[in-house]
Amino acid sequence: MFPLASQSLRSQVARVRVAAPARYVHGHGEYHHLPFAFPGKKRAAFGVKLSLFLLSGFSIPFAASAFQL
């Protein structure tokens, strides 16, 4: 269609450089997928606390609907 425009666009695309993501720039050490350090020896306590937290949040709508009945 437009050979001059396509050449210009190709040359612009060729000039764009994609930088690799810098993971260790901020000096925080290794990358962790959780925003906190996962407890090593307290896994059972952490699991109980997390389960209670999630179950209490999940049960709020059911408690509210039971209260309205």
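Residues numbered from 1 in each chain as written. Predicted model: local features only at pLDDT ≥ 70, side-chain atom pairs only at ≥ 80, totals over all residues. Heavy atoms only, no water.

Enquirer: What should I look at first to understand the overall build of the chain in this one?
Expert: Across its full length, the chain holds two helices and zero strands. Within the span of the chain, comprising 69 residues, buried residues form 1% of the whole. Counting only carbon and sulfur atoms, one obtains 67% of the accessible surface of the chain, whose full area is about 7300 Å². (Helix = DSSP H or I, 4+ residues; strand = E, 2+ residues; numbered from the N terminus. Buried < 20%, exposed > 50% of the residue type's maximum accessible area, 1.4 Å probe, protein only. Areas by Shrake-Rupley, 256 points an atom, 1.4 Å probe, with all protein chains shown as cover.)

Enquirer: Explain a nonpolar patch on the surface to me, please; I cannot follow it from the model alone.
Expert: Taken together, the side chains of L34, F36 and F38 define a hydrophobic patch exposed on the protein surface, amounting to about 250 Å² of accessible area. By secondary structure assignment, the location of L34 is in the loop between α1 (3-15) and α2 (43-68). (Patch = residues over 30% accessible without salt bridge, like charges linked within 9 Å, V, L, I, M, F, W, Y side chains within 5 Å. Salt bridge = Lys/Arg side-chain N within 4 Å of Asp/Glu carboxyl O.)

Enquirer: Teacher, can you tell me more about the packing of aromatic side chains here?
Expert: Taken as a whole, this structure holds one aromatic pair when the rule is applied. Arranged with centres 5.4 Å apart and planes meeting at 50°, the rings of F58 and F62 form a pair that is tilted. On the criterion of helical spacing, the pair formed by F58 and F62 is a turn pair, its members being four residues apart in helix α2. (Phe/Tyr/Trp six-rings, centres within 6.5 Å; stacked < 30°, edge-to-face > 60°.)

Enquirer: Where do I start with α2 in this structure?
Expert: Every α-helix winds through 3.6 residues per turn, so residues three or four apart in the chain are directed the same way. Between its terminal C-alpha atoms α2 stretches 38 Å, which fits the 38 Å expected from 26 residues at 1.5 Å a residue. Largest kink in α2: about 35°, centred on I60, with the proline P61 one to four residues after it. Counting buried residues in α2 gives zero out of 26 residues, a small share hidden from the surface. (Expected span 1.5 Å × (residues − 1). Bend = angle between axes of the 7 residues up to and from the residue.)

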